[in-house]
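Fold and contact review
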Amino acid sequence: MEWTAEAEARLKEIPFFVRPAARKKIEKLAQEMGAAQITVEVYEQAKQKFG
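Residues numbered from 1 in each chain as written. Predicted model: local features only at pLDDT ≥ 70, side-chain atom pairs only at ≥ 80, totals over all residues. Heavy atoms only, no water.

A separate point is the nonpolar core. In terms of nonpolar packing, the biggest core is built from 12 residues, these being W3, A7, L11, I14, A22, I26, L29, A30, I38, V42, Y43 and A46. Looking at this core, the elements that each hand over two or more residues are α1 (5–11), α2 (19–33) and α3 (40–50). Ranked by the residues each element gives to this core, the list is headed by α2, at four residues. (Core = buried A, V, L, I, M, F, W, Y, C linked by side-chain atoms within 4.5 Å. Buried < 20%, exposed > 50% of the residue type's maximum accessible area, 1.4 Å probe, protein only. Helix = DSSP H or I, 4+ residues; strand = E, 2+ residues; numbered from the N terminus.)

In structure tokens, the structure reads:
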């Protein structure tokens, strides 16, 4: 799934050892939402949902 540069930058704020799992969770949520790409908005929604 495609990520915007801004969303990718936010992902890099997550510690490297949990980043792959976080990426999968965010991408799964985006698919459930019907989003074609990961934007900062999608990232923020995932952050609120997953903490």
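Read on, since the account is not over.
Applying the stated criterion across every chain, the model contains one aromatic pair. Aromatic side chains F16 and F17 sit 5.6 Å apart centroid to centroid with 90° between the ring planes, which places their arrangement in the edge-to-face category. Overall, the relative accessible area of 65% leaves F16 in the exposed class. One cation-aromatic arrangement involves R23 over W3; the distance from NZ or CZ to the ring centre is 4.8 Å. (Phe/Tyr/Trp six-rings, centres within 6.5 Å; stacked < 30°, edge-to-face > 60°. Lys NZ or Arg CZ within 6 Å of the ring centre and 35° of its normal.)

Moving on to the environment of E44. Locating E44 in the fold gives a position in helix α3. With relative accessibility at 27%, the residue E44 sits in the partly exposed group. In sequence terms E44 and F16 are 28 residues apart; their C-alpha atoms lie 18 Å from each other.

Moving on, we get to a nonpolar patch on the surface. Residues F16, F17 and V18 make up a contiguous nonpolar surface patch of roughly 360 Å² in combined accessible area. Within the secondary structure, F17 is located in the loop between α1 and α2. Using a relative accessible area of 62% as the deciding quantity, one classes F17 as exposed. (Patch = residues over 30% accessible without salt bridge, like charges linked within 9 Å, V, L, I, M, F, W, Y side chains within 5 Å. Areas by Shrake-Rupley, 256 points an atom, 1.4 Å probe, with all protein chains shown as cover. Salt bridge = Lys/Arg side-chain N within 4 Å of Asp/Glu carboxyl O.)

The next thing to look at is α2. Every α-helical turn comprises 3.6 residues, leaving residues that sit three or four positions apart pointing alike. Helix length check: α2 (15 residues) gives 21 Å between terminal C-alpha atoms against 21 Å at 1.5 Å per residue, within 8%. Along α2, the residues classified as buried are A22, I26, E27, L29 and A30. What you see down the axis of α2 is that its buried residues fit within an arc of 160°, all on one side. Structural note: α2 exposes P20, K24, K28, Q31 and E32 on the side pointing more than 90 degrees away from its buried face. (Expected span 1.5 Å × (residues − 1). Arc of directions from axis to C-beta.)

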